[in-house]
Amino acid sequence: MASFYNLFKSFAFKMDAEAAHISSIKLLSSFPLVLSEVFGGQKLPKNDRYKLTVGGQDWSFPIGLAAGLDKNAEAIDFFSSLYFGAVEVGTITPESQIGNPRPRLFRYPKECSLRNQMGFNNDGAEKIYENIKDAKKNCKILGINLGKNKATSQEKAFLDYQILYKKFAKIADYLVLNLSSPNTPGLRDFQQSERLSELLSSLKDLRKEIPVPLYLKISPDLSELDLPGIIDVVKEHNLTGLIGTNTTIVESLGAGGVSGKLLRPKSQKIRNKVLEYIKETPNIELIGVGGVSEFSDLINFWQNGGKVMQLYTSFIFKGPNVLLDIQRDIERHLVLNQVNTLNQFISNIDEMKIIL
Ligand SMILES: Cc1cc2nc3c(=O)[nH]c(=O)nc-3n(C[C@H](O)[C@H](O)[C@H](O)COP(=O)(O)O)c2cc1C
């Protein structure tokens, strides 16, 4: 229902971006089922037509919601009632924190992009745990994204991740170590392979005690030279995979991280490099994210060996229709190629007819 989201957007985009975000989440968390119907009621057929298996888990649709849109896990019931195959909440830190001073979220409508300097504002582990426990996931995959508190020193950052792992491992389908936000000073330093290895070693015992798929979310601003080292550590520590990428720094626009179309080229380049490196390691996954807004983004990802992607910014600009458009294009291609499932389509992607 394009018109309903456009009407909603015409009001929301007149407001300050963060105020619009807060009001929308409040509304979506209060009336999740009614609003999912109003936005077009997205129920997938109860077969495996669009199912893809990632890290041993079945995504009913190849697009998930990226972290940061539902930081406090307040609207899982809404997002999981759309086509999303997975919903990722957070970033959650052990203690609640208010984040950076406002304004800290900016729209670039012509470029279909956002810039944010949020700084992990969230209600903290205790409160968010309760929200997640009470949520109906509609049989969707639930990812929980973890980060350190700003006030935690670099030396004690390991403890934050341990506390969070212990708290959330039992109620998550997968966990994510977010080491790539540009808005927490020093966080990205943990992507350096030695520090990453130390951090993962400190989680080793807990991971044995409470095993759950674990991903590492990476930055698009990493040098290509850093990637092999990071991937080696990911393999050595048996992570499920990587999520790539987070937002990028564009100095000419100002502080914070840029997402959406302006991020796409950088993000896609890093993703394709990662896919090249992990080609020979079938048990390492890459969940793609960064500037994803249409079917052609998936095609590019599939042609390079990826499976599922996430999005955030295109949902702000297009609403649930971004999912509907992708579903229609997938369906069109399954029919065009006379294959029954998306899995067959991507497994034979090089032989498939593609009309974009
Ligand atoms: C306002 C905003 C807040 C975000 N907060 C988080 C966050 O808390 N944790 C995280 O891992 N990523 C966060 N992200 C990054 C997104 O999850 C995603 O990686 C990035 O925006 C690229 O995807 P997109 O181009 O589809 O938006 C945030 C993005 C935006 C726009």
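Structure report, in brief.

**Examining the nonpolar core**
Ranked by size, the top nonpolar core spans 106 residues in total, and within it Phe79, Ile132, Ile144, Phe168 and Trp302 carry the most contacts. Ignoring any residue separated from it by four or fewer positions in sequence, one finds Phe79 in contact with Ile25, Leu28, Leu65, Leu69, Asp70, Phe84, Val87 and Phe315.

**A look at the layout of surface pockets**
Taken as a whole, the largest pocket encloses approximately 840 Å³ of empty space. What lines the largest pocket is a set of 49 residues, among which Gly68, Leu69, Lys71, Met118 and Tyr312 lie closest to the centre. Only α2 (17-30), β4 (86-92), β6 (113-116), β11 (257-260), β13 (309-311) and α12 (313-318) provide two or more residues apiece to the lining of the largest pocket. It is α2 that provides the largest number of residues to the lining of the largest pocket, a total of 6 residues. A volume near 470 Å³ is recorded for the second largest pocket.

**Looking at empty space enclosed by the protein**
In total, this model carries 2 cavities of 30 Å³ or more according to the counting rule given. Approximately 290 Å³ is the volume attributed to the largest cavity. Lining the largest cavity are 21 residues, and of these Tyr5, Phe8, His21, Ser24 and Ile316 lie nearest its centre. Residue assignment for the lining of the largest cavity shows that the elements contributing at least two residues are α1 (2-12), α2, α4 (76-79), β5 (105-108) and α12. Sort the elements by how many residues they give to the lining of the largest cavity and α2 lands first, with 6 residues. Taken together, the residues of the lining of the largest cavity sort by class into 18 nonpolar, 2 polar and 1 charged. In this structure, the second largest cavity spans a volume of roughly 60 Å³.

**Quick look at the packing of aromatic side chains**
Under the criterion given, the structure shown has 12 aromatic pairs. Ring geometry for Tyr5 and Phe8: centres 5.8 Å apart, planes at 40 degrees, overall tilted. Of this pair, Tyr5 and Phe8 are both found in helix α1, 3 residues apart, which corresponds to roughly one turn of the helix. Ring centres of Phe78 and Phe79 lie 5.2 Å apart, and the angle between their planes is 75 degrees; on these two criteria the pair is classed as edge-to-face. Summarising the burial analysis for this pair, Phe78 and Phe79 share the class buried. One aromatic cluster is present, built from ring pairs that chain together Phe78, Phe79, Phe84 and Phe315. One Lys or Arg, Arg107, reaches over the ring of Phe13 and ends 4.3 Å from the middle of that ring. Over the face of the ring belonging to Tyr129 we find Lys167, whose NZ or CZ atom lies 4.5 Å from the ring centre.

**Details of the environment of Leu52**
Looking at the secondary structure, you find Leu52 in strand β1 (residues 52-54). Among the residues examined, Leu52 registers a relative accessible area of 1% and is labelled buried. It is 25 Å that separates the C-alpha atoms of Leu52 and Lys71, two residues lying 19 residues apart in sequence. Ignoring sequence-local partners within four residues, the contact set of Leu52 consists of Gln57, Asp58, Trp59, Pro62, Trp302, Lys307, Val308, Leu342, Asn343 and Ile346.

**Some details on the pattern of salt bridges**
Applying the stated criterion across every chain, the model contains 18 salt bridges. When the shortest N-O distance is used, the salt bridge between Lys137 and Asp173 registers 3.0 Å. In this pair, Lys137 sits in the loop between α5 (125-134) and β7 (141-146) while Asp173 sits in the loop between α6 (157-168) and β8 (174-178), placing the two residues 36 residues apart along the sequence. We classify Lys137 as partly exposed; its relative accessible area is 28%. Using a relative accessible area of 19% as the deciding quantity, one classes Asp173 as buried. It is possible to trace a salt-bridge network through shared partners that takes in Glu18, Arg102 and Arg104.

**Details of the site of the ligand**
The immediate surroundings of the ligand are formed by 24 residues, with Ala67, Thr91, Gly260, Gly291 and Thr313 found nearest. Interatomic distance of 3.0 Å between a side-chain N/O atom of Asn145 and an oxygen atom of the ligand. In the model, an oxygen atom of the ligand is placed 2.8 Å from a nitrogen or oxygen of the Gly260 main chain. Calculation on the ligand without its partners gives an accessible area of 600 Å², and the protein chains cover 98% of this total. Using a 2 Å cut-off from the grid points, one finds that the ligand occupies the largest pocket. Elements represented by at least two residues in the shell around the ligand include exactly β4, β6 and β11. In terms of residue class, the shell around the ligand is built from 8 nonpolar, 14 polar and 2 charged.

**Section: unusual backbone geometry**
Of note, the amide linkage connecting Gly90 to Thr91 takes the cis form, showing an omega dihedral of 15 degrees. A cis amide bond links Gly244 to the next residue, Thr245, at an omega of 20 degrees. The residue Thr245 is located in the loop between β10 (241-244) and β11 in this model. Phi at Phe120 takes a positive value of approximately 55 degrees, unusual for a residue other than glycine. Position of Phe120 relative to the elements: it lies in the loop between β6 and α5. According to the relative accessible area criterion, Phe120 is buried, its value standing at 4%. Despite not being glycine, Asn238 shows a phi value in the positive range, around 55 degrees.

Conventions used here
- Residues numbered from 1 in each chain as written.
- Predicted model: local features only at pLDDT ≥ 70, side-chain atom pairs only at ≥ 80, totals over all residues.
- Heavy atoms only, no water.
- Core = buried A, V, L, I, M, F, W, Y, C linked by side-chain atoms within 4.5 Å.
- Buried < 20%, exposed > 50% of the residue type's maximum accessible area, 1.4 Å probe, protein only.
- Contact = heavy atoms within 4.5 Å.
- 1 Å grid on protein atoms, 1.4 Å probe; cavity = no way out; pocket = protein on both sides within 12 Å on 5 of 7 lines; lining within 4 Å.
- Points joined across faces, edges and corners; volume = space filled by probe spheres on them.
- Helix = DSSP H or I, 4+ residues; strand = E, 2+ residues; numbered from the N terminus.
- Nonpolar A, V, L, I, M, F, W, Y, C, P; charged D, E, K, R; others polar.
- Phe/Tyr/Trp six-rings, centres within 6.5 Å; stacked < 30°, edge-to-face > 60°.
- Lys NZ or Arg CZ within 6 Å of the ring centre and 35° of its normal.
- Salt bridge = Lys/Arg side-chain N within 4 Å of Asp/Glu carboxyl O.
- Near = heavy atom within 4 Å.
- Polar contact = N/O pair within 3.5 Å; in protein donor to acceptor, adjacent residues only side chain to side chain.
- Areas by Shrake-Rupley, 256 points an atom, 1.4 Å probe, with all protein chains shown as cover.
- Sits in = over half its atoms within 2 Å of the grid points.

Interpretation note: all reported values are geometric properties and have no functional meaning in isolation.
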